[in-house]
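Listed here are the chains, written in short residue letters.
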Amino acid sequence: MAASDMATTADASTPVISVKPVVLEAPGRGEDLRVRVSAPATGSALPVIVFAHGFGSSLDGYGPLTDFWAAHGFVVIQPTHLDSRTVGLSQDDPRIPRLWRFRVEDMKRVLDGLDVLEAAVPGLGGRLDRSRIAAAGHSFGGQTAGNLLGLRVLDPVSKQEEDLSDARIGAGVLLATAGKGGADLTPYAAEHFPFMNPSFANMITPTLVVAGDQDDLPLSVRGPEWLADPYFLSPGEKSLLTLFGGEHSLGGITGYEARETTDEDPGRVSLIQRVTWAYLRHALDVEHASWEAVRKALAESADPIGRIESKS
């Protein structure tokens, strides 16, 4: 689908101011939390996206998405989680079994530290709309963001599920996010990622799930359909964007010319940019016309590269 088929107000962009690293104190974490904040240079009442990177990445990743969101009216906040290659934890680090939980705490620490983060960006003071905050994430980061939306994880240490949802979060975007655990996992995943046992039964916050129909990870015995579980197994208002031919990097959202991208496709990335932007504006009640426009354009395209379905 050509970009001209998706013409919306997303075509107008604003210069972005980005500050990194902003450091938030994190007692008990072993490392202070390093954060990147990106915001449009102009505009007021700006909604916020807190973004959780995939395993090994950092606050420097995901420019194709985060730059777009910031240039089109969102304040985007990117913490660097402990599994980042830039942190360099050893394999015998005692924090390894709880990495998933430290990630959720990072996201909540960002929400608690909005005053500090806002003050760190020149000219941003007083321009955030703190009543409109979304959580988003890719891969492992999708599970991280999902916890704030109501997803629950069977902790491999405590053997308990805990409600870690956050009332400050009004919407979510989960990109290439793991599905059910247990028998759906490969032996490799069960051994190396014991925290990958999510339950979606309480994930009630409005959410857009993005999945590639060729994302055949060595983590599940079910193939690409596994990545759609967060949509099908969660209650309430949800939408699913399925990308035709999309693999785990979804065309290249992890970074500009990133080496891990196996399905590089600028058109696919452009579609994700516009659909996620329009969805979040809809779900956070900023405006609804853009979401209807992208859905209509995709449904009527003569040669679509994806499809959107929704439920309530």
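Residues numbered from 1 in each chain as written. Predicted model: local features only at pLDDT ≥ 70, side-chain atom pairs only at ≥ 80, totals over all residues. Heavy atoms only, no water.

### A few points about unusual backbone geometry
Backbone geometry follows two general trends: most residues other than glycine have a negative phi, and most peptide bonds adopt the trans configuration.
Then, in step 1: With omega at -20°, the peptide bond leading from K20 into P21 counts as cis.
Then, in step 2: Locating P21 in the fold gives a position in strand β1 (residues 16–24).
Then, in step 3: Positive phi, close to 55°, is recorded for L250, a residue that is not glycine.
Then, in step 4: The topology assignment puts L250 in the loop between β10 (238–243) and α7 (266–283).
Then, in step 5: The class of L250 is buried, set by a relative accessible area of 0%.
Then, in step 6: A positive phi angle, near 60°, is found at D285, a position not held by glycine.
Then, in step 7: Position of D285 relative to the elements: it lies in the loop between α7 and α8 (289–300). (Helix = DSSP H or I, 4+ residues; strand = E, 2+ residues; numbered from the N terminus. Buried < 20%, exposed > 50% of the residue type's maximum accessible area, 1.4 Å probe, protein only.)

### Description of the environment of I49
Then, in step 1: Mapped onto the secondary structure, I49 falls in strand β3 (residues 46–52).
Then, in step 2: For I49, a relative accessible area of 0% translates into the label buried.
Then, in step 3: Along the primary structure I49 and D129 are separated by 80 residues, whereas in three dimensions their C-alpha atoms are 11 Å apart.

### Observations concerning the packing of aromatic side chains
Then, in step 1: By the definition in use, this model includes 8 aromatic pairs.
Then, in step 2: Between Y279 and W291, the aromatic rings sit 5.1 Å apart at their centres with planes inclined by 80°, giving edge-to-face as the arrangement. Residue Y279 is found in helix α7, and its partner W291 is found in helix α8; the two are separated by 12 residues along the sequence.
Then, in step 3: Among the aromatic residues, ring-to-ring pairing joins F55, F140, Y188, F193 and F195 into one connected group.
Then, in step 4: One cation-aromatic arrangement involves R103 over F140; the distance from NZ or CZ to the ring centre is 4.1 Å. (Phe/Tyr/Trp six-rings, centres within 6.5 Å; stacked < 30°, edge-to-face > 60°. Lys NZ or Arg CZ within 6 Å of the ring centre and 35° of its normal.)

### Details of the sheet that holds β3
Then, in step 1: Taken in spatial order, the 9 strands make up an open sheet running β1-β2-β4-β3-β5-β7-β9-β10-β11, and their pairing is mixed. For this open sheet the edge positions go to β1 and β11 (306–311), each flanked by a neighbour on one side alone. Recorded for the sheet is a direction-independent mean angle of 20° between the axes of neighbouring strands.
Then, in step 2: For β3 and strand β5 (residues 128–138), the ladder comprises 6 bridges, and the chain directions are parallel. By the bridge assignment for β5, I49 is matched with A134. (Pairing = 2+ DSSP bridges. Axes fitted to C-alpha atoms, helices over the stretch in contact; angles between N-to-C directions.)

Everything listed is a geometric property; what it means functionally is a separate question.
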